Amino acid sequence: YLLGLWSLFFFLLQCVWTCIAKPTHTRACIHTYTEMVRTPVEELCMNVKGLKLPGSIAEVLSKALTPPDRFAVHNAISLLKGIGAFDEREDLTALGMQLLQLPVHPQLGKMLMVSAVLGCVEPVLTLVAGLGAKSPFQMVLGKEKLVDQVKLRFSRGNHSDHLTLITVYDEW
């Protein structure tokens, strides 16, 4: 597990070094920039703590080539404290260590863990997987009413996107 995090860290370091030392490798620079921007700030905060980098999360992330907004970092840390992944000193809790091992957003990871305790893993796992993919109800120009009708049929009158997603998977 730790080896995987270190290899990710060294890959990013290598991409940054390539960008600085060899300006002709702009493709690697753009790729690294895109990954940093696309990664949810909560996951970045969890990875900083998982790597045990010195300093606070905000300090470490502020040194990035494209640091996330400081308010986004503050909100992410508050959320992670709220779900029990961090303690008051921004250290990983036992739950946080478990969430760090899951390849999903920390909130979805906690939802999976709670579902195991409540005995409803299968529908929650379907929901988590569905939330990580594009919606099956993509709007098609000129066929908006048809898409709405199909979505209404799958919703079975429950008005819940989550339950509708589970129904779509079950019927598939």
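Check the entry above for the structure.
The rules behind these values
Residues numbered from 1 in each chain as written. Predicted model: local features only at pLDDT ≥ 70, side-chain atom pairs only at ≥ 80, totals over all residues. Heavy atoms only, no water. Helix = DSSP H or I, 4+ residues; strand = E, 2+ residues; numbered from the N terminus. Buried < 20%, exposed > 50% of the residue type's maximum accessible area, 1.4 Å probe, protein only. Contact = heavy atoms within 4.5 Å. Areas by Shrake-Rupley, 256 points an atom, 1.4 Å probe, with all protein chains shown as cover. Core = buried A, V, L, I, M, F, W, Y, C linked by side-chain atoms within 4.5 Å.

Asker: Sorry, what's going on with the overall build of the chain here?
Answerer: Along its length, the chain carries 10 helices and zero strands. When the helices and strands of the chain are read in sequence order from the N terminus, they spell out α-α-α-α-α-α-α-α-α-α. Within the span of the chain, comprising 172 residues, buried residues form 29% of the whole. Of all intrachain contacts in the chain linking residues separated by at least 6 positions in sequence, the fraction that spans at least 24 positions is 45%. Carbon and sulfur atoms make up 63% of the accessible area of the chain, which amounts to about 11,800 Å² in all.

Asker: Whenever I open this one, unusual backbone geometry confuses me. Can you help?
Answerer: Residues other than glycine predominantly adopt negative phi, and peptide bonds predominantly adopt the trans conformation. Despite not being glycine, K52 shows a phi value in the positive range, around 55 degrees. With respect to the element layout, K52 can be found in the loop between α3 (41–50) and α4 (57–62). A residue is classified by how much of its surface remains accessible, and K52, at 69% relative accessible area, is exposed. Not every positive phi belongs to a glycine, and E90 is a case in point at roughly 65 degrees.

Asker: Please clarify how the environment of V73 should be interpreted in this entry.
Answerer: Note on placement: V73 falls in helix α5 (residues 70–82). Relative accessible area serves as the criterion here: at 5%, V73 is assigned to the buried category. As a C-alpha pair, V73 and L61 span 12 residues in sequence and 8.4 Å in three-dimensional space. Ignoring sequence-local partners within four residues, the contact set of V73 consists of V41, C45, I57, A58, L61 and P68.

Asker: Which parts of the structure should I look at to understand the side chain of K49?
Answerer: Inspection of the secondary structure assignment puts K49 in helix α3. Among residues more than four places away in sequence, those in contact with K49 are G55, I57, F86, E90, D91 and L92.

Asker: Explain the environment of F154 here, please?
Answerer: Within the element layout of this structure, F154 appears in helix α9 (residues 144–155). Residue classification places F154 among the buried positions, given a relative accessible area of 13%. The sequence separation of F154 and L165 amounts to 11 residues, and the corresponding C-alpha distance is 8.2 Å. Sequence-distant contacts of F154, that is, excluding residues within four places in its chain, are made with F137, T164, T167, V168 and E171.

Asker: It is not clear to me how helix α10 (residues 161–171) should be interpreted in this structure. Could you clarify?
Answerer: For an α-helix, 3.6 residues make a turn, and residues three or four places apart therefore share a direction. For α10, the full list of buried residues reads T164, L165, I166, T167 and V168. Looking at the buried positions of α10, the neighbouring elements they touch are α8 (121–131) and α9.

Asker: What am I meant to see in the nonpolar core here?
Answerer: If you look at soluble globular proteins, the nonpolar side chains tend to sit buried side by side. Counting residues in each nonpolar core, the largest one holds 18 residues, and the members touching the most others are C45, M46, I57, L61, V73, L80 and F86. Secondary-structure elements contributing two or more residues to this core are α3, α4, α5 and α6 (94–100). Per element, the largest residue contribution to this core is five residues, and it comes from α3.

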